[in-house]
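Descriptive analysis of the structure
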Amino acid sequence: MTNPLLAEWATPFALAPFDEIADADFAPAFEAALTEARAEIAAIAGNPEPPSFANTIQALEFSGRTLDRVLSVFFTVAGADSNPARQGLQRDFAPRLAAWSSELYGNKTLFTRIEALWQARDTLGLAPEEARLLLLTRRAFVRAGAALTGEAEARMRAIMARLAELGTAFTQNLLADEAGWRMELGEGDLDGLPDFVVANARAAGREAGLSGPVITLSRSLIVPFLQFSNRRDLRRRAFEAWAARGAGGGDTDNRAIAAEILALRRERAALLGYDSFASYKLETQMAGTPEAVRDLLMAVWEPARAQAARDADVLTAMMREDGINGDLEPWDWRHYAEKRRQAEHDLDEAAVKPYLSLDAMIAAAFDCAHRLFGLEFRPLDVALYHPDCRAWEVTRQGRHVAVFIGDYFARASKRSGAWCSAMRGQAKRPQVQGPVVINVCNFAKGDPALLSYDDARTLFHEFGHALHQMLSDVTYESLSGTNVARDFVELPSQLFEHWLEVPEVLDTHARHVETGAPMPRDLRDKVLAAANFDMGFQTVEYVASALVDLAFHEGVPPEDVMARQAEVLAGIGMPRAIAMRHATPHFAHVFSGDGYSSGYYSYMWSEVMDADAFAAFEEAGSAFDAEQAQALERHILSRGGSEEAGALYEAFRGRMPGVAALLRGRGLAA
């Protein structure tokens, strides 16, 4: 019987036939695809013809397509719908993929061909995108250690294999801790909880096979519990479990894993001639150096900490009024901040959520994409990897653009957080292909599903990433979509969040889930006025995480990561009542892979640009100004990584922005 992962996919839009794929298909498909990829590389390296762009760089770009296809399916389901079989396959695949990467980038014959083309690049008559692909290909080989030999080369291979194992273990430990904890609530434990929180807790209980409500470590459930519960003892229990993910001792403890990852990254950078992993990692980013990153973060840290200190005084006074004489604690902050928001803005989240149903916010995102870029969305009835998933065909003026898949609900088999990925990227060669893009979120499931304003912002954020993929218009897949510098990749996503704040968008789409009535104007205005509420807290918890990430990768790797984390936080004067957004043992951005290592700052780097970029629409007089939308697509969304990020931004805006717009946007300007 033919393995469905290796057969031609005679499905709508050549989507993966998820209804035909079994877990048992992955290992043999992986073996066959890896064998094919290895043969393709051997043929390129061993080509007796002199190296040319077509027979070396382009051939390399087009190789490994079967392996990419198999892995795109596997990692989609492994991240969003894990099970023991898939976790076992991840543990098996990770070191083998690392070994394959080392084998590829360590192929001296292949690198000799690439280097010859690089040295002759000015004589090759390359088009701009071809020149960019040559540059990035050679750079990837050099940064992977292609020039290493002997013991250094062997050690690099071992390091990369071990890092792959450790990143997989970190992720699976975190998933196990998140799936393994729940707090059952009796009827007497619901004091202060609005109906929507109780309904979501009951839904989580049913999913766990229990008759009563439960609190899990899903962000969309635990955060509103911390906001609304009047039971300080239960808030503390929930918060401490949330904060202790990956640090509970036993088989799922991530602290030693994080320490080993940091030590191996430092050694990897040293083999390549860098004095720190941060210097190595940031060399190819917009920031360029650790010093530039620290300058940005500290420029934001001081005003944020000052605002948080003022807010802490107010919250402490409110706590005193409740008869609590102890210190303001991390499990108190969200609770009293919510009370303060209700008092100062007369804004009750329980009154807002009925206007922010999941379906309405999806429609709002689609409508903004249509008004800005002419995109249209048609529901698809296709096989997907989980019953919760939904799919749409994306078109423009009748022409197919992409397939978009949304997987919105939290479940025990899904890792936490929210992300966007492409099962297939846009390309024009070796054949024209539209992207298949997935947004994955962890919203609380309900009937209907209601979102907080923060949830709605997350939906818009991830859809901004999706637009970057959908509107890509380049020749080569490795340059398409979100294949850009890490501190540029968040620009389209954070920029798209601004459209949720446009009054006419809420007026059109924020309608009561039962009556269909639009959100009252005064409630809408309160929601928008409170958009920057508690921004001192939000900025402090984020910047603290980014500074710890940077410190971890700049100096000598710590043997005790928690002691080093505490040292960094003490050095910057971390408020005791605010915790890092991602403490080290559950800092998946940094330790599940290299993606955001030394790069968690990138959200803020991009925010400097997104505040300035949206100002272009404001200056034009409309959030839907056609000329600005066309310029945004032409210079940024369609270009992928086909040019340096700074050049793309300057082409759109005419200059690079400063931090002032960010501080104003967060309400932190003096």
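In this report, we go over the structure that sits alongside the text. The structure presented is a predicted model; accordingly, all values stated were derived computationally and were not measured. The written sequence of each chain sets the order in which its residues are numbered from 1. Whole-chain, interface and lining totals are the exception, using all residues; otherwise, since this is a predicted model, local features are given only for residues with pLDDT of at least 70 and side-chain atom pairs are given and counted only at 80 or more. To obtain the side-chain values, all non-hydrogen atoms of the structure were included, while hydrogens and water were left out.

Description of the sheet that holds strand β5 (residues 399–409)
Short version of the rule: Strands qualify as paired when DSSP identifies two bridges or more between them. Strands are runs of DSSP state E lasting at least 2 residues, helices are runs of H or I lasting at least 4, and numbering of each runs from the N terminus. Convention adopted: a line fitted to C-alpha atoms gives each axis, helices being fitted over their contacting stretch, and angles between N-to-C directions are expressed from 0 to 180 degrees.
Taken in spatial order, the five strands line up as β3-β4-β5-β7-β6 in an open sheet, and their pairing is mixed. Across the chains shown, the open sheet's two edge strands, defined by having one partner strand only, are β3 (376–380) and β6 (419–424). Direction aside, neighbouring strands of the sheet carry axes that sit 30 degrees apart on average. Two strands pair when backbone bridges link them, and β3 and strand β4 (residues 390–396) are joined in this way by five bridges, in the antiparallel orientation. Counterpart to P379 in the pairing with β4 is W392.

Things to note about the packing of aromatic side chains
Applicable threshold: Here is the rule: rings of Phe, Tyr and Trp (six-membered ring for Trp) pair when centre to centre is within 6.5 Å. Planes less than 30 degrees apart are stacked, more than 60 are edge-to-face, and the remainder are tilted. Partly exposed residues are those whose accessible area sits between 20% and 50% of the maximum for their type, while under 20% is buried and over 50% is exposed, using a 1.4 Å probe and protein chains only. The criterion is that NZ of a Lys, or CZ of an Arg, lies within 6 Å of the ring centre and within 35 degrees of the ring normal, and then a charge sits over that ring.
With the rule as written, the count across this model stands at 38 aromatic pairs. A ring pair is formed by F366 and F463, whose centres lie 5.6 Å apart and whose planes are at 50 degrees; its orientation type is tilted. Highlighted residues: F366 in helix α16 (residues 358–373) and F463 in helix α17 (residues 453–470), separated in sequence by 97 residues. Judged by its relative accessible area of 10%, F366 is buried. A cation sits over an aromatic face here: R371 above F624, 3.8 Å from the ring centre. Lying over the aromatic face of Y596, R486 brings its terminal NZ or CZ to 4.3 Å of the ring centre.

Brief notes about helix α3 (residues 65–80)
Keep this limit in mind: By this rule the span expected of a helix is its residue count minus one, scaled by 1.5 Å.
The first and last C-alpha atoms of α3 sit 23 Å apart over 16 residues, in line with the 22 Å expected at 1.5 Å per residue. Three or more residues of α3 are buried, namely T66, L67, V70, L71, S72, V73, F74, T76, V77, A78, G79 and A80.

Here's the deal with the side chain of S63
Heads up, the rule is: The definition of a polar contact used here is a pair of N or O atoms within 3.5 Å, where within protein one atom must be able to donate a hydrogen and the other to accept one, and adjacent residues in sequence count solely through side-chain atom pairs. We call two residues in contact when some of their heavy atoms are within 4.5 Å.
Relative to the helices and strands, S63 is located in the loop between α2 (53–62) and α3. In this structure the side chain of S63 is engaged in a polar contact, spanning 2.8 Å, whose partner is the backbone oxygen of L60. If sequence neighbours within four positions are ignored, S63 has contacts with E40, I41, I44 and D68.

Looking at the pairing of strand β7 (residues 436–443)
β7 sits mainly inside the fold: eight of its eight residues count as buried. Side chains of β7 alternate between two faces, with V436, I438, V440 and N442 and V437, N439, C441 and F443 buried alike. Summarising the sheet, β5 and β7 pair through six bridges and their orientation is parallel. Bridge pairing in β7 places D407 opposite V440. Two elements, β6 and β7, share five bridges in a ladder whose sense is antiparallel. Following the sheet pairing, W419 is matched in β7 by V440.

Brief notes about the environment of L264
Mapped onto the elements of the fold, L264 is located in helix α11 (residues 255–271). Note: C-alpha distance between L264 and S421 (157 residues apart in sequence) is 27 Å. When residues no more than four places from it in sequence are discounted, the contact partners of L264 are R155, I159, R162, L163 and L166.

Thoughts on the packing of helix α18 (residues 486–497) against helix α25 (residues 626–637)
Here is the rule we go by: In this scheme, roughly parallel covers angles under 35 degrees and roughly antiparallel covers those over 145, while 65 to 115 is roughly perpendicular and the rest are oblique. Put simply, a crossing is left-handed when the front helix is turned counterclockwise from the back one by less than a right angle, and right-handed when it is turned clockwise. In this classification, the charged set is Asp, Glu, Lys and Arg, the nonpolar set is Ala, Val, Leu, Ile, Met, Phe, Trp, Tyr, Cys and Pro, and all remaining amino acids, among them Gly, are polar.
With their axes 12 Å apart at the nearest point, α18 and α25 run at an angle of 160 degrees to one another. Classed by the angle they form, the pair α18 and α25 counts as roughly antiparallel. Our pair here, α18 against α25, has a crossing hand that is left-handed. In contact with F488, L491, P492 and L495 of α18, α25 contributes L632, I636 and L637. Along the lines of polarity and charge, the residues of the contact of α18 with α25 split into seven nonpolar, no polar and no charged.

Digging into the pattern of salt bridges
Going by this rule: Salt-bridge detection follows one rule: a side-chain nitrogen of Lys or Arg within 4 Å of a carboxyl oxygen of Asp or Glu.
According to the stated counting rule, one finds 52 salt bridges in the structure shown. Between R236 and E240 there is a salt bridge; the shortest N-O distance is 2.9 Å. A residue pair is termed a helical-turn pair when its members lie 3 or 4 positions apart in one helix, as R236 and E240 do in helix α10 (residues 232–243) at four residues. A relative accessible area of 37% places E240 in the partly exposed class. Notably, a salt bridge pairs D359 with R390, separated by 3.0 Å at the nearest N-O pair. One end of the pair, D359, is in helix α16; the other, R390, is in strand β4, with 31 residues separating them in the sequence. A relative accessible area of 47% means that D359 is categorised as partly exposed. Note on R390: relative accessible area 31%, which makes it partly exposed. Each of D388, D407, R411, K414 and K445 takes part in salt bridges that share partners, so that together they form one network.

Quick word on the layout of surface pockets
Over the atoms rolls a probe the size of a water molecule, and its path tells where empty space is left. Our working rule: Two kinds of site are reported from a 1 Å grid over the protein atoms alone, namely cavities, where a 1.4 Å probe fits but cannot get out, and pockets, open sets with protein on both sides within 12 Å along at least five of seven lines, and residues are called lining when an atom falls within 4 Å of a point. Grid points are joined across faces, edges and corners, and a volume is the space filled by probe spheres set on the points.
The calculated volume of the second largest pocket comes to roughly 350 Å³. Lining the second largest pocket are 19 residues; nearest its centre among them are D195, F196, A199, P448 and L450. When residues of the lining of the second largest pocket are assigned to their parent elements, the largest contribution, six residues, is made by helix α8 (residues 195–207). Class assignment of the residues belonging to the lining of the second largest pocket gives a composition of 10 nonpolar, three polar and six charged.

Here we look at the nonpolar core
Using the following cut-off: Here, the term nonpolar core denotes a set of buried Ala, Val, Leu, Ile, Met, Phe, Trp, Tyr and Cys residues that are joined through side-chain atoms within 4.5 Å.
Judged by nonpolar contacts, the single largest core of 134 residues is most densely connected at F463, M470, F488 and W499. Setting aside anything within four residues of it in sequence, one finds F463 in contact with A365, F366, A369, F377, F404, N439, M470 and F496.

Notes on the side chain of S602
By the secondary structure assignment, S602 is in helix α24 (residues 602–620). Not counting chain neighbours up to four residues away, the residues in contact with S602 comprise R486, D487, E490, Y542 and Y596.

Quick notes on the packing of α18 against α24
Put simply, α18 and α24 touch, their axes get as near as 7 Å, and they point 45 degrees apart. In terms of orientation, α18 lies oblique with respect to α24. Viewed along their axes, α18 and α24 form a crossing whose handedness is right-handed. Where α18 abuts α24, its residues R486, D487, F488, V489, E490, L491, Q494 and L495 lie against S602, Y603, W605, S606, E607, M609, D610, A613 and F614. Residue composition of the contact of α18 with α24, grouped by class: nine nonpolar, three polar and five charged.

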